[in-house]
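# Topology and contacts: notes
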Amino acid sequence: MDMQTDKTYQRFGKLIKELRNDMHMTQDDLADKVGLSRASIANIESGRQKIYLHQLFVFSKFLNVAPTDLLPETDFFEQESTPLNLISKNDEAWVSAILEQAKNA
């Protein structure tokens, strides 16, 4: 799984957890409602487990939100995905310096 996909599922899971907590539900409570195990809910909330599209609608029903409210914000997907976006600032500066030297050679 690439970093962008990982972040998508982590953000989704974080939102599920926040909504569940706001409703004073345990992971067991939510698991019973959506037809999954408590372990699956824990894995979804941590971003380790993907869900099927139809499950998005089931989660939204029991968390009292629209399915679109469970999706990461739009600007998250509009970010340019280049290799420099995936490395640290120090490494980015180093790679940029090498590229600049190569361009001037």
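Remember, it's a predicted structure, so these values are computed and weren't measured experimentally.

Another point: the overall build of the chain. Across its full length, the chain carries six helices and zero strands. Secondary structure elements in the chain, listed N-terminal to C-terminal, are α-α-α-α-α-α. Looking at the chain as a whole, 26% of its 105 residues qualify as buried. Long-range pairs, those at least 24 residues apart, make up 56% of the contacts in the chain between residues at least 6 apart in sequence. When the accessible surface of the chain is totalled, it reaches about 7300 Å², and 53% of it is carbon and sulfur.

With 14 residues, the main nonpolar core has Phe 12, Ile 16, Leu 30, Phe 59, Leu 63 and Leu 70 as its most contacted residues. Secondary-structure elements contributing two or more residues to this core are helix H1 (3–22), helix H2 (27–34), helix H3 (38–46) and helix H4 (53–62). Sequence-distant contacts of Leu 63, that is, excluding residues within four places in its chain, are made with Ile 16, Leu 19, Arg 20, Met 23, Met 25 and Leu 30.

Before going further, it helps to examine the packing of aromatic side chains. Here the structure, examined in full by the defined rule, presents one aromatic pair. Summarising the aromatic geometry, the rings of Phe 12 and Phe 59 are spaced 6.3 Å apart at their centres and angled 85° between planes, so their arrangement reads as edge-to-face. One end of the pair, Phe 12, is in helix H1; the other, Phe 59, is in helix H4, with 47 residues separating them in the sequence. Relative accessible area serves as the criterion here: at 6%, Phe 12 is assigned to the buried category. Here Phe 59 falls in the buried class, since its relative accessible area comes to 1%.

Cut-offs applied
Residues numbered from 1 in each chain as written. Predicted model: local features only at pLDDT ≥ 70, side-chain atom pairs only at ≥ 80, totals over all residues. Heavy atoms only, no water. Helix = DSSP H or I, 4+ residues; strand = E, 2+ residues; numbered from the N terminus. Buried < 20%, exposed > 50% of the residue type's maximum accessible area, 1.4 Å probe, protein only. Contact = heavy atoms within 4.5 Å. Areas by Shrake-Rupley, 256 points an atom, 1.4 Å probe, with all protein chains shown as cover. Core = buried A, V, L, I, M, F, W, Y, C linked by side-chain atoms within 4.5 Å. Phe/Tyr/Trp six-rings, centres within 6.5 Å; stacked < 30°, edge-to-face > 60°.

In short, shape yes, function no, at least from these values alone.
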